[in-house]
Every structure is written in C-alpha cells, then in structure tokens.
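The primary structure of each chain is shown beneath.
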Amino acid sequence: MTNVWNSTRNNSIRVSTKTAILQGLARDGGLFVCSDLGKNKLDLERFVLKNYSQMAQSILKELLPDYTESEIALAVQTAYTNTFDTKEVTPLVRAGEAYFLELFHGPTSAFKDIGLQLLPQLMSFSLQEYSDKKVMILVATSGDTGKASLEGFQNIPRIAIAVFYPKDGTSQIQQLQMTTHRANNTAVFALQGTFDDAQSQIKALFCDSTFQQRFAQMPITFSTANSINIGRLAPQIVYYFYAYMQLVKQRAITLGEEINFCIPTGNFGNALAGYYARRLGLPIHKLLIASNENHSLTDFFQTGIYDRRRTFHKTNSPSMDILISSNLERLLYDFSEHDSAYVATLMNQLDKEGFYRIKQPIVKQMQKTFYADYCSDELCKQAIREVFTRSHYVMDPHTAVAYKVMKRYQKRKESRLCVVLSTASPYKFSQTVCEALYGSVPQTDEFTRMQFLSEKTGTPIPKNLVALQKKPILHKTELTKAQLQKTVMQLTDQLLLQK
Ligand SMILES: *Cc1c(COP(=O)(O)O)cnc(C)c1O
C-alpha cells in the first residue's frame, strides 16, 4: 500500500511517503500533505491495552504505509527504547486539578525528541532505496529542535546535519547543548537574526535555482528536520492518543468522551499533530492554541488575518518566539478543501506583503475546533508560582503559558477535562523558573542555579543537562545571513567527498 503526498501549493506535485520524508519540503516551497488523511478513522478500542511503542507502531503504520511493518517496528524500537528516562515515554501527570502530558523525558529534555528520535530512522529506510545518495539536513532552531536533531541524526551513515540557531535567541542551556555536541557528521552555527530569519533563509535555499543547479547532477538530497517534515510530525500524533488512553485507563473519562488539549505553540507543529489526531478519530472537542507575546496565531484564529508585520518580542518562552508559523499552511490547505492554488496565493502574499486574510466562512469553521489566546511573561511567571505553591508541580515557562491560557478558557468558556502539553523540562529555563518561584535569583552560572532549583523544589535535574558542565565547547562559528549559503555549500562538498 502507498500514500500520496502532495504540495500544499500545487496538487500536481505528488510523491510517495518515503520521498516526502527524504525531501522534507516540496520543491515549490510548499509542505507535503496527504489528502486521504483521516478517511479511515482509527479504532480506539484497539489501543486500550497497548503501551506507547505498540500504539506508535499501529498509528505510524496507518500514516506511513510505504514502510514495511518491520521497518516501522524497528524504527519505533530504536527511537524509544532506553532513550527516554521513563518507560512510559510521555507520562500523563496529574497535579491538583490539572493534567500535564510530559513530553520532555527524552535525551534533550524537550518534546522535540519524540519526533526527532524517530525521523532519522525513517529517513535511513528511505535512503536505502537509493544506493549512492546522501542527505544534507538543514535545521533552523528556536532552541530545542537543534539539539534534538543533533541527537537524532548523529553518526547516521550518509547523512550530515547543520544546525543554525539565532545568536542570543536561546536559553544558555539550550545553546550549550548545541555548541558542545560531538559527532562525526554534525555542524552548529550561531546565526545573526531571529529564528524566523534562519527558517526563511533555509526555505529560500531550497527554492534557490543557482543553488539547486550547482548540486543538480550530484547524488545529494537536501532535507529538513523541522516540523515541516512529516516524518517528524507523524510521531507527534501518537502522544495525543496515548494521553487519551491513560485518561480512559484511570477512569477519568469514558471511551469516546471528548476532551480538550492546550498546546504551547510556535511553529504550529505540535498543534497540527493534535488536529491530525482529531482527524484520525480521537475525540477532541477543542484544541487550545497558546502563544506568548508573539501572538500572530492568536490574532489569526480570532480574526482570520495573519500578519507578521509586528514587533518581535524576546520572551521567557524562547522556543515560541516565532512570527511565521510554518505548519499553519497545512491547516489552510485542509480547511480550504485542498485548494492548493488558494494556499499558494496566501503564502505568496505573506511573503511579499507580510500578511494575508482568509475567507470568513473558513475562519468560522476553524473556530469550531480551535481556540487561541496568549499570555505575557509576567502572567507566565505568576502561573509557575501558583501551580508550584498549590500542587508542588514545577512547570517550564512554555508549559506555563499553556496552563494560563487553559485556565482563562475554562473560566470564560467551558471546563471539560483538558490536558496541558508540557513541552520542556523546567531545568532548561532555570533562570525564569527561579525568578518565578523565588523572586530574585543568585547571580551564578547555569549549573549552580539548576542545583539551587533542585534543592529548593526537591526535583531531580535531568542527567543530560548535568553532563553538559564537563563538555568542551566545540562549535563557535557565528554567521551573517550572507554567509549561510556558502557555508552550506562547503559542508555539502565535504559530505560528497566522504567515503
Ligand atoms: C518547539 C517548542 C514549542 C513550540 O512547538 P511548535 O511545534 O513549534 O508549535 C513549545 N515549547 C517548547 C519547549 C518547544 O521546544
């Protein structure tokens, strides 16, 4: 069996699942989508007795049918066995009245691990169909994707990876995680500008004709590890099902009952995975889209106007400091009934004029499934303090943004059971968390502060973060926008020369 994936901007660009994963992005700059997604609903009863890996296998088999059952099984096993610090992979934790789905138990302590432990395995299987080809992965990161991609892709044969993070745009620990990474196929660069700059430059490279021509005759494919790659998105659908089934097991809900999820959102990958879970039959009433002060998404879901012409704010939830949410394009495709010409027009307008406005009936339709709101740095810190005081649960700032948005929604709208997606360990953002809990914090280095937080709250520091203290900094190069293309060319030449 196969699935066909086409570009959001051109229905006649069609590729197989394995090719879509290998390429990451369609050659016209669109994202790969599968029009058949959700035609067959998944049978929830089947999941009741399954553990995380078993659930992942059944769901991925449906979504990525080009892969054989044994390929999927092996990929899932490699991705989730002994790589997470809990057998459950994504435990559902109750603190007071709230449910948190903890997605940060992987090797880099953020939710990106769920997709990025699996994507390289899938890509390797895709690559087996081409005996001589190599892959150059280009990653723009707002902090967490970078390290998670390095972990996922390190030392994988015939694949090299280059990560670009915004200089001064990540937390200190996030930066250290990347700059200390040692492997034989990885490169890391600080890029001048914001995450959006990094992301749009990499996207532009993919569509640049001189760049493409230079490598046209060579056995190389350029790809991405951002959530624009469906090989990363698909694994993220799994944990929505997992959370739901935990609630059924705990008798907090009955099978079939609708619940809400609240998702701290940046590039709209995580939220889109939730929407896809709903399309596949998971009983979700509403998806709550939580942003920080960079709230182009909140405005979009409230008005139907997406406008990136606004002041960029550096907030204490830096992984959501994003003005252009790439994956929204997939949602537009779905809600416009697969009208790729319409999506292409909108995206072109966003690129040229900085904004677009969608048709009112589509906005109304979206509002039936999505609710969006945002939260300031101050309220985020207040939420961290409030939940810790009341329930002794430590939230990271991204999780806290979502928690706050959920609380407000429940007060104003309806209070059915809602799961907050907890996307990072609080120890990745110890400065903010300490400030929230203890007011002023000791002016010390990152590691002393983590120790302080651990002693005060009685919670353990993830091992991978402790280990950073002893690692030398290996990647120190800083690039201007103008240098990016040349750097990628050099790295690609090196990869091609390798045996
Ligand atoms: C990446 C990230 C987000 C945003 O997720 P998207 O899929 O880009 O919407 C939220 N929180 C944390 C901690 C992240 O690393």
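Each remark here, short or long, concerns the structure printed above.
Reference entry: report on the structure contained in this document. Given the structure is predicted, the values throughout are model-derived calculations rather than measurements.

In the neighbourhood of the ligand, 15 residues make up the surrounding shell, with K112, D144, G266, N267 and N270 lying closest. Within the backbone of F268, an N or O atom sits 3.0 Å from an oxygen atom of the ligand. In the model, a nitrogen atom of the ligand is placed 2.9 Å from a nitrogen or oxygen of the T423 side chain. Within the complex, 98% of the 380 Å² of free accessible area of the ligand lies under protein.

Below, the discussion takes up the pattern of salt bridges. The full count for this structure, using the stated rule, is 19 salt bridges. Salt-bridge contacts for E414 lead to R416; the nearest nitrogen and oxygen are separated by 2.8 Å. By relative accessible area, E414 is classed as buried at 18%. Via salt bridges that share partners, K18, E71 and E129 belong to a single interconnected network.

Within strand β7 (residues 159-166), eight of the eight residues are buried, which leaves it mostly tucked inside the rest of the structure. The alternating pattern of β7 places I159, I161, V163 and Y165 on one face and A160, A162, F164 and P166 on the opposite face, and all of these are buried. Both strand β6 (residues 134-140) and β7 contribute to a ladder of six bridges, which runs parallel. Directly across from L138, in β7, lies its bridge partner A162.

So, on to the environment of I384. The topology assignment puts I384 in helix α16 (residues 377-391). Given a relative accessible area of 0%, I384 falls into the buried group. Separated by 49 residues in sequence, I384 and V433 have C-alpha atoms that sit 7.1 Å apart. Those residues in contact with I384, other than ones at most four positions away along the chain, are M395, D396, P397, A400, V433, A436 and L437.

This brings us to the packing of aromatic side chains. Per the stated rule, a full pass over the model turns up 24 aromatic pairs. Ring centres of F47 and F241 lie 5.6 Å apart, and the angle between their planes is 70°; this geometry places the pair in the edge-to-face category. Remark: F241 occurs in helix α10 (residues 230-249) and F47 occurs in the loop between β3 (32-33) and α2 (52-63); sequence separation between them is 194 residues. What makes F241 buried here is its relative accessible area of 0%. Put simply, the rings of F268, Y275, Y276, F300, F301, Y306, F335, Y356 and F370 pair up and form one aromatic cluster. Over the face of the ring belonging to Y438 we find K456, whose NZ or CZ atom lies 5.0 Å from the ring centre.

Another aspect to go through is the sheet that holds strand β1 (residues 4-7). Pairing is antiparallel in the open sheet, where three strands are placed in the order β2-β1-β3. Here the strands that pair on one side only, and so sit at the sheet edges, are β2 (10-16) and β3. Bridge count between β1 and β2: four bridges; the pairing is antiparallel. Its bridge partner being in β2, W5 is matched across the sheet by V15.

Another point: the pairing of strand β8 (residues 186-191). A large share of β8 lies buried, amounting to six of its six residues. Burial along β8 is two-sided: the face carrying T186, V188 and A190 and the face carrying A187, F189 and L191 are both buried. In this view, the connection linking β7 to its parallel neighbour β8 by way of helix α7 (residues 172-179) has right-handed handedness. Here two bridges tie β8 to strand β16 (residues 478-479), and the two strands are oriented parallel to one another.

Secondary-structure assignment places A75 in helix α3 (residues 69-80). C-alpha of A75 to C-alpha of I237: the two residues are 162 residues apart in sequence and 16 Å apart in space. Those residues within four positions of A75 in sequence are excluded, and the remaining contacts are L118, Q121, L122 and F125.

This next bit is on the packing of α16 against helix α17 (residues 397-412). Here α16 crosses α17 at 85°, and the two axes come no closer than 8 Å. Here α17 runs roughly perpendicular to α16, going by the angle between their axes. Each of L379, C380, A383, I384, E386, V387 and R390 in α16 lies in contact with α17, whose residues at this interface are P397, A400, V401, Y403, K404 and R408. Split by residue class, the contact of α16 with α17 holds nine nonpolar, no polar and four charged.

Moving on: the side chain of T457. With respect to the element layout, T457 can be found in helix α19 (residues 446-457). Excluding residues within four positions of it along the chain, T457 makes contact with F388, H392, V394, Y427, L437 and Y438.

Thresholds applied
Residues numbered from 1 in each chain as written. Predicted model: local features only at pLDDT ≥ 70, side-chain atom pairs only at ≥ 80, totals over all residues. Heavy atoms only, no water. Near = heavy atom within 4 Å. Polar contact = N/O pair within 3.5 Å; in protein donor to acceptor, adjacent residues only side chain to side chain. Areas by Shrake-Rupley, 256 points an atom, 1.4 Å probe, with all protein chains shown as cover. Salt bridge = Lys/Arg side-chain N within 4 Å of Asp/Glu carboxyl O. Buried < 20%, exposed > 50% of the residue type's maximum accessible area, 1.4 Å probe, protein only. Helix = DSSP H or I, 4+ residues; strand = E, 2+ residues; numbered from the N terminus. Pairing = 2+ DSSP bridges. Contact = heavy atoms within 4.5 Å. Phe/Tyr/Trp six-rings, centres within 6.5 Å; stacked < 30°, edge-to-face > 60°. Lys NZ or Arg CZ within 6 Å of the ring centre and 35° of its normal. Right-handed = clockwise from strand over helix to strand, strands pointing away. Axes fitted to C-alpha atoms, helices over the stretch in contact; angles between N-to-C directions. Parallel < 35°, antiparallel > 145°, perpendicular 65-115°, else oblique. Nonpolar A, V, L, I, M, F, W, Y, C, P; charged D, E, K, R; others polar.

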